[in-house]
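# Structure assessment
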Amino acid sequence: MNRLSQSRWAQYWDTFWFTPTSPRNLAAARIIFAAYSLWVLASRQLAEVSGLPLDFWSRVGASARWRYLDFPGHLSLERTLVWLAGIALVCAGAGVFPRLSCFVSGILLYHLAPFESIIWIPHPYARGLTISVIALLTLAFSPCGDSWTLLPLGRSRPSAPASDYTWPVRLIQVFLVEIYLFAGYAKIVVVGWKWASAANIRNWILYCIEEDQMGVFHSLGAWAAARQLACLALGVGTLVFELGLIMVLFSRIARRVLVPLVALFHLGILLGMNLTFLNVPQLLVFANWDVVAAWLKKPHPEVSNQPHKVEEVNASAETAFVTQNTLGTLAPMR
Amino acid sequence: MKTNIVSTIAFVGFVGLGLLAATGGRFLAEPAKRRLTNAFLAFALTVSFAAGLTQHNLWPFSSWPVLAMPMPAATFDLPTPRIVGVDANGNEYDIDYRAWQPLSLEELTSWLNLHFFHLDRASEDRVGKFFLDRANRAREQALAPSGLAYPNRWLGPLTAPTHILHPAIWSRAGRVPRNCFVRLRIYQESWDLEARRLDPAKLTRVLAYEYPLR
């Protein structure tokens, strides 16, 4: 062992990224991101932006165009690429040439996603496909097709636990947590702690419910805006939540408590401020799909006859196993 | 320009190292393979944290500056554009956000604020004609039995919403203007948040553009 691997940090690093796990969570991540990305891709008319009058493109810089190879006047080509991306995503989800499909769809989404905003800004964050691009590529670099595929790879059973199944899921989880970490950090760097003040939060809420071109929900926002303490609690709570969410990477308890709260957090923002955050379904990569698979198999008598181990992937330092015993109950094993 | 170049390098590096870790690992012993994977992970972390900590958006490694600005008590410094259609009788009508597909309303209003008013008049009028044609086409579709389509007709209302929600004001045929639009206007609206809370009609509206010009 070299000096680095003997150090404490290297041990933490290895435990975090390379604790052997089963391939199911990786396969689930592939299916989740393929299905989600297909939904967003099908919900947009990205190719049509290439067909807009040239005046819309007149202020798009050359470096932005070449960065993504996004140019005006190639409507047919872009439509073809959208279809190709869609087919690749279907294949990725179904597990047909999964690594190649993930790679092709990741690269094509890198090219297509910026069309949504390129006429005024060259980085389409918060529009739904940001994490998809890097997650699909990460999946392409990993053995994401070793489980839950339509085309079997000559194996009747899932592969044995391995470290290669852990780091891609972990990296995608890190990318997701970074959304909140940097969103909280940006608020403090740009505005300062006063971002969380009752006055600022109240103004944000009022703007979002008074602007009638974006007003769908009004009641919750109006209720909160009328209460200074509620606004202050929302501001402080948002910063604490965004900066603290990183804990889900290291603590199973935090994961179980905070990840469902993220969905509630976004539901509150949706109803109170009319702002959606499409990435919410991606949080399913924090679920333990071994437990889900075991739970789904529980009613089948042929499964319950043979006890087997299913690894809990998201347990970080500790390797937790669950055993499905003959009574069909789940018992933790360490 | 610098951000575009750095972002491209970061993305190419991410893909290149990932491919190296994925393909090179097949021909290497376990320790060497692990080193390649570590290099990929370290690169991905470095780039993504660099984007976040420096607040330079290196998309797809984003800095995520979500709502990272103070909201003033009045919006006079950043007015909101509103496009309205005008019929032959001079009546003004709001236009459903779905009329502007493939652009979402928030991308369109941001582009209007940032670039449209800096175009020369001829360019503005080409865009104005485009808007007028789109608005009339959407109005006709909204009046048709099938209604105004969502971006994906099969998904319908299950279409993924944009970051900002918009009311589908032409979902009911009764709310769709019967007469063709002959003119299009863009207003810049601003208001005091507290004043408008008490009276929703209290806002300042300035005509910024009209097509065709009278």
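Rules and cut-offs
Residues numbered from 1 in each chain as written. Chains lettered and ligands numbered in written order. Predicted model: local features only at pLDDT ≥ 70, side-chain atom pairs only at ≥ 80, totals over all residues. Heavy atoms only, no water. Pairing = 2+ DSSP bridges. Helix = DSSP H or I, 4+ residues; strand = E, 2+ residues; numbered from the N terminus. Axes fitted to C-alpha atoms, helices over the stretch in contact; angles between N-to-C directions. Contact = heavy atoms within 4.5 Å. Buried area = accessible area lost by both parts, 1.4 Å probe. Salt bridge = Lys/Arg side-chain N within 4 Å of Asp/Glu carboxyl O. Polar contact = N/O pair within 3.5 Å; in protein donor to acceptor, adjacent residues only side chain to side chain. Nonpolar A, V, L, I, M, F, W, Y, C, P; charged D, E, K, R; others polar. 1 Å grid on protein atoms, 1.4 Å probe; cavity = no way out; pocket = protein on both sides within 12 Å on 5 of 7 lines; lining within 4 Å. Points joined across faces, edges and corners; volume = space filled by probe spheres on them. Disulfide = S-S within 2.5 Å. Buried < 20%, exposed > 50% of the residue type's maximum accessible area, 1.4 Å probe, protein only. pLDDT = per-residue confidence, 0-100. Left-handed = near helix turned anticlockwise from the far one by under 90°.

## Describing the sheet that holds strand β3 (residues 181–190) of chain B
Residue and element names in this part refer to chain B.
- Ordered by their spatial adjacency, 4 strands build an open sheet running β2-β1-β3-β4, and the pairing between neighbours is antiparallel. Each end of this open sheet is capped by a strand with a single partner; those strands are β2 (92–94) and β4 (204–211). Adjacent strand axes in the sheet meet at a mean angle of 35° when their direction is disregarded.
- Relative to β4, β3 is paired through 7 bridges, and the arrangement is antiparallel. Of the residues in β4, the one forming a bridge with S190 is T204.
- Sitting on the sheet, helix α3 (residues 105–114) touches β1 (80–87) and β3, and the angle it makes with β1 is about 100°.

## What about the interface of chain A and chain B?
- Taken together, the contact pairs 85 residues of chain A with 82 residues of chain B.
- Note on chain A versus chain B: buried area summed over both sides is about 7900 Å², and carbon and sulfur give 67% of it.
- Our enumeration of links across chain A and chain B arrives at 7 salt bridges.
- Our enumeration of links across chain A and chain B arrives at 38 residue pairs in polar contact (both at pLDDT 80 or more).
- For the side of chain A that touches chain B, the leading source of residues is helix α10 (residues 167–190) of chain A, giving 13 residues.
- Taken together, the residues of the side of chain A that touches chain B break down into 54 nonpolar, 15 polar and 16 charged.

## Quick notes on empty space enclosed by the protein
- If you walk through the whole model with that rule in mind, you get 2 cavities of 30 Å³ or more.
- Empty space within the largest cavity amounts to approximately 40 Å³.
- Lining of the largest cavity is provided by I131, I134, F175 and E178 of chain A together with S48, P60, F61, S62 and W64 of chain B.
- When contributions to the lining of the largest cavity are tallied by element, the ones reaching two or more residues are α9 (130–140) and α10 of chain A.

## Some points on the state of the cysteines
Residues and elements named next belong to chain A.
- One pass over the full model with this rule turns up 0 disulfides over all chains.
- Unpaired in this structure, C102 has its nearest cysteine sulfur neighbour in C144, at a distance of 4.2 Å.
- On the basis of relative accessibility, which here comes to 0%, the residue C102 falls in the buried class.
- On the basis of relative accessibility, which here comes to 1%, the residue C144 falls in the buried class.

## Comments concerning the confidence of the model for chain B
- Considering every residue of chain B, the mean pLDDT works out to 94; 100% of them sit at 70 or more.
- What the predictor reports for the complex is a pTM of 0.90 with an ipTM of 0.95.

## Remarks on the pattern of salt bridges
- Tallied over the entire structure, the rule returns 23 salt bridges over all chains.
- Between D14 of chain A and R34 of chain B there is a salt bridge, with its nearest N and O atoms 3.8 Å apart. One end of the pair, D14 of chain A, is in helix α2 (residues 8–18); the other, R34 of chain B, is in helix α2 (residues 30–54), on a second chain.
- Accessibility expressed as a relative area gives 26% for D14 of chain A, which makes it partly exposed.
- R121 of chain B is the salt-bridge partner of E124 of chain B, the closest N and O atoms lying 3.9 Å from each other. One end of the pair is E124 of chain B and the other is R121 of chain B, both in helix α4 (residues 121–143) and 3 residues apart, which spans about a single turn.
- Residue classification places E124 of chain B among the buried residues on the basis of a relative accessible area of 9%.
- When salt bridges that share partners are traced, they join D212 of chain A together with R82, E92, D94, R183, R185, E189, R196, R205 and E210 of chain B into one network.

## Considerations on the packing of helix α7 (residues 75–94) of chain A against helix α8 (residues 98–112) of chain A
All names here are of chain A.
- Orientation of α7 relative to α8, taken along the N-to-C sense of each, is 145°, at an axis distance of 8 Å. Note on packing geometry: the crossing formed by α7 with α8 is left-handed. Together, E78, L81, V82, L84, A85, A88, L89, C91 and A92 of α7 and S101, C102, V104, S105, L108, H111 and L112 of α8 make up the contact between the two elements.
- Across the contact of α7 with α8, the residue classes break down as 12 nonpolar, 3 polar and 1 charged.

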